[in-house]
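# Fold and geometry: a report
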Amino acid sequence: MKNDKGILLETGTNELEIVEFSVGKNKFGINVIKVKEIINPVPITPIPHAHPYVEGIMELRGEVLTVVNLANVLGYSPSETPEKDKYIVSEFNKTKIIFHVHNVTQIHRISWENIEKPSETYYGSESQIIGVVKLNGEMILLLDFEKIVVDINPESGINVQQVKKLGERKRSDKKLIVVEDSALLRKLLEDTLNAAGFQHITFFENGREALAYLNKSVEAGKSVDEVAQLMITDIEMPQMDGHHLTKVVKDNVNLAPLPVVIFSSLITDDLRHKGQIVGANAQVSKPEINELIHIIDDIILK
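Residues numbered from 1 in each chain as written. Predicted model: local features only at pLDDT ≥ 70, side-chain atom pairs only at ≥ 80, totals over all residues. Heavy atoms only, no water.

## Focus on the pairing of strand β2 (residues 26-31)
Of the strand pairs in this sheet, strand β1 (residues 15-23) and β2 are connected by six bridges, and their pairing is antiparallel. Paired with Ile18 across the two strands is Asn31, which belongs to β2. Here β1 folds back onto β2 in antiparallel fashion, the turn holding two residues, of which Gly24 has a positive phi close to 65 degrees. Of the strand pairs in this sheet, β2 and strand β11 (residues 138-143) are connected by three bridges, and their pairing is parallel. The partner of Phe28 across the bridge, within β11, is Leu141. (Pairing = 2+ DSSP bridges. Helix = DSSP H or I, 4+ residues; strand = E, 2+ residues; numbered from the N terminus.)

## Some points on the sheet that holds strand β15 (residues 260-264)
Where strands meet in a sheet, backbone hydrogen bonds hold them as pairs that are either parallel or antiparallel. Taken in spatial order, the five strands make up an open sheet running β13-β12-β14-β15-β16, and their pairing is parallel. Here the strands that pair on one side only, and so sit at the sheet edges, are β13 (200-204) and β16 (282-285). Ignoring strand direction, the axes of neighbouring strands in this sheet form an average angle of 20 degrees. (Axes fitted to C-alpha atoms, helices over the stretch in contact; angles between N-to-C directions.)

## A few points about the packing of aromatic side chains
Tallied over the entire structure, the rule returns six aromatic pairs. Between Phe28 and Tyr76 the ring centres are 6.4 Å apart and the planes differ by 45 degrees, which places this aromatic pair in the tilted class. You can see Phe28 sitting in strand β2 and its partner Tyr76 sitting in the loop between α1 (70-74) and β6 (86-92), a full 48 residues away along the chain. Here Tyr76 falls in the partly exposed class, since its relative accessible area comes to 28%. Among the aromatic residues, ring-to-ring pairing joins Phe21, Phe28, Tyr76, Phe92, Phe99 and Phe145 into one connected group. (Phe/Tyr/Trp six-rings, centres within 6.5 Å; stacked < 30°, edge-to-face > 60°. Buried < 20%, exposed > 50% of the residue type's maximum accessible area, 1.4 Å probe, protein only.)

## Thoughts on the side chain of Ser217
With respect to the helices, strands and loops of the structure, Ser217 is situated in helix α6 (residues 207-219). Classification of Ser217 by relative accessible area gives buried; the value is 11%. Those residues in contact with Ser217 that lie beyond four places of it in its chain are Lys222 and Val227. (Contact = heavy atoms within 4.5 Å.)

## Details of the packing of α6 against helix α8 (residues 242-251)
Where α6 contacts α8, the axes come no closer than 9 Å and their chain directions differ by 20 degrees. Relative to α8, the element α6 lies roughly parallel. Regarding α6 and α8, the two cross each other, and that crossing is right-handed. When α6 is examined against α8, the residues Gly207, Ala210, Leu211 and Leu214 are found in contact with a partner set consisting of Leu245, Val248 and Val249. For the contact of α6 with α8, the residue count by class is six nonpolar, one polar and no charged. (Parallel < 35°, antiparallel > 145°, perpendicular 65-115°, else oblique. Left-handed = near helix turned anticlockwise from the far one by under 90°. Nonpolar A, V, L, I, M, F, W, Y, C, P; charged D, E, K, R; others polar.)

Function-wise, these values are silent; they only describe arrangement.
Following this line, the structure appears as structure tokens:
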């Protein structure tokens, strides 16, 4: 089953489509945008001393791809019906990777408003769960696939040392807004932006919170450039995604002057047009933090 790009939604509607799959007795979801195709299991070559999550490697259309066993990731037992197992071929952060799951069922169209952020009281700050969808009396858990990949290969994540090599900057007067639902990434972005010389950063967990802050500030009589000189936003976030946030900001005459940079694992050549449609000033694929810093420089220091 290949992902037909025709099923992708109109940009900025605050909706997404997820592929529902199962591992053990639990149901999970992955954003359709990240899915290239779904295939039946084929022979895998194990790798000596590989990370516990990694089942091995396989060749697919001339490319050698890593296969991650999600049962290992989640601490579940192997499939009881391996003949029904599926491989989800995905692409994000400019990387292709295959996830071995126990079954793939259907595609759901849902609103980000209907996705709840899991409580740290039962999932913990290091959880691989980024959202919970209540659907037809059941719960579908949205996995943090980016975190899973970084757990396997920390070098694939945001690197503070790369930013420090760019040299010192003196720009403490510049105000940034960062909208990112991952606590881990918020901390990493804070560290890297601080290292780049930005000290005045206001963080929000989703687009709805950021928009409420901007509207409240403008209603209080402030111009948007007094509130912030630039906003950085992820795309995938519960309540309101980054595309919808960008569209609402750019459609508002009072907020439109605020430059918006989308910083997401979903920035690919095929999907870059979605950010352009909603009016983003720039788009950077995670984890290219150096490129993000250069773009911030170009926008607010010119």
